[in-house]
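Reading the structure
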Amino acid sequence: MQQTRLDIARIRAARRVIDPVFLDTPLYRCEALESGLGCAVSIKLETANPVRSFKGRGTEVVASLLAEHGPRAVVCASAGNLGQALAWSGRGRGLDVTVVASRFATVAKLDRIRALGATLELVDGDHELARERAADIARYDGIRLVEDSLDLETCEGAATIGLELLELLEPKGQQAEQTELAELAELTALTGTAPPFDTVLIALGGGAMATGVGHVMKALAPGVEVICVQPLGAPAMTRSWHSRHVVTTDSTDTIADGVAGRRPIPAVLDDLLLVADDAVLVREESIIAGMRMLLDHASLVVEPSAALGIAAVLEDRDRFAGRHVVTIVCGSNVDVDAYQGWVGHHR
């Protein structure tokens, strides 16, 4: 595999500093979903933690480093989940956290950021304007700017999800942490060990989770297909992946606010080009249908971004027929009224 910015040794090290509350999340075969999707489906559930999303894995790494030898103040832009996670991780380490978000972000996410003790600044625009404002604050105040997906801590924290998916490939015992990547690849080849799944479906926004988990798959289980999924109404990163250069959009139009970026980060795209096998776009009605399936058949209330993997299967059943896919259910921070409006009308 060509080199990305990520590193397996650092990803393993990240696991040691992440609060265990974010680690070893449930991974299980959900047979109740399979008749409606036509393939075997396993769920990696990243919502059963204090911030109800996978973002805590990355912010734990960031906050741990800052608490040791960095500035005690930090700022980020967030659609909601990163801000909650950074507020949670920072609070436990005595950091002063500021979060910049769009005034139009999900109210439940904004309320939770405040409740976790962070300073919340709202901008009259979308997430890209919030990113600009956060960068201004960091520059003017001389504090640490956390840029989701650009900062390796966010990617390598998310990449620990991939390690958990592939635990059966990991050699056991005291020498496991020191095992070189080449040795692990040789062990895998000699034993024939392989994960029970052949495809991982990953929600694609800024790219932290996609590049992190994708890096682990391509390094340790290259036979697993990595497919990134994005809403048709927020296609910038997917278009960039297919074009092999950054493509920006003027606006977004999707209920999946957690992945609604307009300006991909070049360095993140470079990594994604190395680790993703495909990037697909799905319609809003498919996202809603995926949310409804997760509620009806798995008793999971999820935000739209977390249903992107199910939406991808719904839109292309023939592609996934007979396969075993893992979908990462990445967040469950929803506005109750909006959720009932999306899911309730179609029950």
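1. Observations concerning the sheet that holds strand E5 (residues 119-123)
Strand order in this open sheet of four strands is E5-E4-E3-E6, and the pairing throughout is parallel. The strands lining the two open edges of the sheet, one partner per strand, are E5 and strand E6 (144-146). The sheet shows a mean angle of 20 degrees between the axes of neighbouring strands, taken without regard to direction. Where strand E4 (residues 96-102) and E5 come together, five bridges link them in parallel fashion.

2. Focus on helix H12 (residues 284-298)
Over its 15 residues, H12 extends 20 Å from the first C-alpha to the last, a length consistent with the 21 Å expected when each residue adds 1.5 Å. Of all the residues in H12, the buried ones are Ser286, Ile287, Ile288, Ala289, Gly290, Met291, Arg292, Met293, Leu294 and Ala298. For H12, the secondary structure elements touched by its buried residues are helix H2 (34-37), strand E2 (40-45), strand E8 (225-231), strand E9 (278-282), helix H13 (308-315) and helix H15 (336-344). Directly after H12, the chain includes serine 299, whose backbone phi takes a positive value near 55 degrees.

3. Quick notes on the packing of aromatic side chains
If you walk through the whole model with that rule in mind, you get one aromatic pair. When the centroid spacing of 5.1 Å and the interplanar angle of 90 degrees are considered together, the rings of phenylalanine 22 and tryptophan 88 count as edge-to-face. Here phenylalanine 22 is found in the loop between helix H1 (8-17) and strand E1 (27-29), whereas its partner tryptophan 88 is found in helix H4 (residues 81-91), with 66 residues between them in sequence. No difference in accessibility class separates phenylalanine 22 from tryptophan 88, as the two residues are buried. Positioned above the aromatic ring of tyrosine 140, the side-chain terminus of arginine 139 is 5.6 Å from the ring centre.

4. A short note on the pairing of strand E3 (residues 73-77)
The element E3 is extensively covered by neighbouring structure, given that five of its five residues are classed as buried. Here E3 shows no split at all, with Ala73, Val75 and Ala77 on one side and Val74 and Cys76 on the other all buried. With five bridges connecting them, E3 and E4 associate as parallel partners. When the sheet's bridge partners are listed, valine 75 is paired in E4 with threonine 98. Of the crossover connections in this fold, the one passing from E3 over H4 to the parallel E4 is right-handed. Both E3 and E6 contribute to a ladder of three bridges, which runs parallel. Note on E6: the bridge partner recorded for valine 75 is leucine 145.

Conventions and cut-offs
Residues numbered from 1 in each chain as written. Predicted model: local features only at pLDDT ≥ 70, side-chain atom pairs only at ≥ 80, totals over all residues. Heavy atoms only, no water. Pairing = 2+ DSSP bridges. Helix = DSSP H or I, 4+ residues; strand = E, 2+ residues; numbered from the N terminus. Axes fitted to C-alpha atoms, helices over the stretch in contact; angles between N-to-C directions. Expected span 1.5 Å × (residues − 1). Buried < 20%, exposed > 50% of the residue type's maximum accessible area, 1.4 Å probe, protein only. Contact = heavy atoms within 4.5 Å. Phe/Tyr/Trp six-rings, centres within 6.5 Å; stacked < 30°, edge-to-face > 60°. Lys NZ or Arg CZ within 6 Å of the ring centre and 35° of its normal. Right-handed = clockwise from strand over helix to strand, strands pointing away.

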